[in-house]
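Chain residues, written in single-letter form:
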Amino acid sequence: MAQPPANLPRHIAITMDGNGRWAAARGVLRAAGHKAGLKPVRMCIEECAQLRIGALTLFAFSSENWGRPPEEVGSLMSLFLEALDSEIAELHAKGVRMRFIGERRTLPVRLQSRIAAAEARTAGNTALNLQVAVSYGGRWDIVQAAQALARECASGALRAEEISEARFAAALSLAGLPDPDLHIRTGGEHRISNFLLWQLAYAELYFTPRLWPDFALADLHEALGFFASRERRFGRRPAAASA
Ligand code: IPE
Ligand code: IPE
Ligand code: MG
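Below: a short report on this structure.

Scoring rules and cut-offs
Residues numbered from 1 in each chain as written. Chains lettered and ligands numbered in written order. Predicted model: local features only at pLDDT ≥ 70, side-chain atom pairs only at ≥ 80, totals over all residues. Heavy atoms only, no water. Near = heavy atom within 4 Å. Polar contact = N/O pair within 3.5 Å; in protein donor to acceptor, adjacent residues only side chain to side chain. 1 Å grid on protein atoms, 1.4 Å probe; cavity = no way out; pocket = protein on both sides within 12 Å on 5 of 7 lines; lining within 4 Å. Sits in = over half its atoms within 2 Å of the grid points. Helix = DSSP H or I, 4+ residues; strand = E, 2+ residues; numbered from the N terminus. Nonpolar A, V, L, I, M, F, W, Y, C, P; charged D, E, K, R; others polar. Buried < 20%, exposed > 50% of the residue type's maximum accessible area, 1.4 Å probe, protein only. Phe/Tyr/Trp six-rings, centres within 6.5 Å; stacked < 30°, edge-to-face > 60°.

Brief notes about the site of ligand 2
Thr-15, Met-16, Asp-17, Phe-59, Ala-60, Phe-61, Asn-65, Arg-68, Arg-185, Arg-191 and Ser-193 make up every residue found near ligand 2. With respect to ligand 2, the side chain of Asn-65 contributes an N or O atom lying 2.9 Å from an oxygen atom. A distance of 2.6 Å is found between an oxygen atom of ligand 2 and a side-chain nitrogen or oxygen belonging to Ser-193. Applying the majority rule of atoms within 2 Å of the grid points places ligand 2 in the largest pocket. A total of 3 residues in the shell around ligand 2 trace back to one element, the largest contributor, which is strand E2 (residues 55-62). Residue composition of the shell around ligand 2, grouped by class: 4 nonpolar, 3 polar and 4 charged.

Here is the structure:
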């Protein structure tokens, strides 16, 4: 197995796409495809913790995914609940700090309380910051941040001129974490689909046709190899040409 390169991202964000096509190719229900997606989730968590990549953010359900048929939405909500119950002890034992980002009040109440319990239980862990985006949209995130800042302004605690990029970022869902350096999307689509719109400003974007349930350790290492090969300029001149 290829070794991961030395130059690692500090934060990886993954759009886990392709479960439906994986299921269709096997003639099984879409729900079975979503369930099969748990294996690569475990693998990515394990490897990121092992490599001491500080943060992993997984896109599990978008604001727009509410528009899918109720039976699919229902099976996904049940899967999130089951997966939380079955995985939380091991995640905690591994030292994973788990947080959820998204519009929580739209989630089933039972799921909301399990989420709160998982976050509280793992709050002191430091091996890996794991964020799961559920009912999440990048536009929602920006709007909720704007609302929070507007409330502070209205109360007199903040002046509009004090709203800087840093202050704004601190009101977003991933406050306190470095922006993702690497975004991976499986399933072959080359788009962001309303994921972390603000935070992906300078992420390296890696797209693979591999369907999420098939995403394996070698695929993750390939994405890390891609990341290591990029020269990140952040708008400046290439390192070699700056002399
Ligand atoms: C990603 O897989 C999971 C969610 C969006 C919840 P899809 O269900 O979008 O799978 P495809 O894209 O239809 O294959
Ligand atoms: C993006 O996948 C959302 C998640 C993986 C959770 P979608 O399947 O919803 O994205 P589109 O519809 O192809 O853009
Ligand atoms: Mg999809």
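Description of unusual backbone geometry
For Ser-135, which is not glycine, the phi torsion reads 55° and is therefore positive. Structurally, the position occupied by Ser-135 is in strand E4 (residues 128-136). The phi angle at Phe-234 is positive, at roughly 50°, despite the residue not being glycine. Position of Phe-234 among the secondary structure elements: in the segment after helix H8 (217-229). Judged by relative accessible area, Phe-234 falls into the partly exposed class, the value being 40%.

As for the packing of aromatic side chains
Remark: the centre distance and the inter-plane angle together describe each pair of aromatic rings, the angle taken between the planes. Applying the stated criterion across every chain yields a total of 10 aromatic pairs. Aromatic pair Phe-59 and Tyr-136: ring centres 6.2 Å apart, planes at 85°, arrangement edge-to-face. Taken together, the residues Phe-59 in strand E2 and Tyr-136 in strand E4 connect sequence positions 77 residues apart. Between the aromatic rings of Phe-59 and Phe-195, the centroid separation amounts to 4.2 Å while the plane-to-plane angle is 5°, which identifies the pairing as stacked. Within this pair, whereas Phe-59 is found in strand E2, its partner Phe-195 is found in the loop between strand E5 (182-185) and strand E6 (204-207), the two being separated by 136 residues in sequence. Accessibility expressed as a relative area gives 7% for Phe-59, which makes it buried. Residue Phe-195 is classed as buried on the basis of its relative accessible area of 0%. Through successive ring pairs, a cluster of aromatic residues spans Phe-59, Tyr-136, Trp-140 and Phe-195.

Such coordinate-based values are descriptive only and should not be taken to indicate function.
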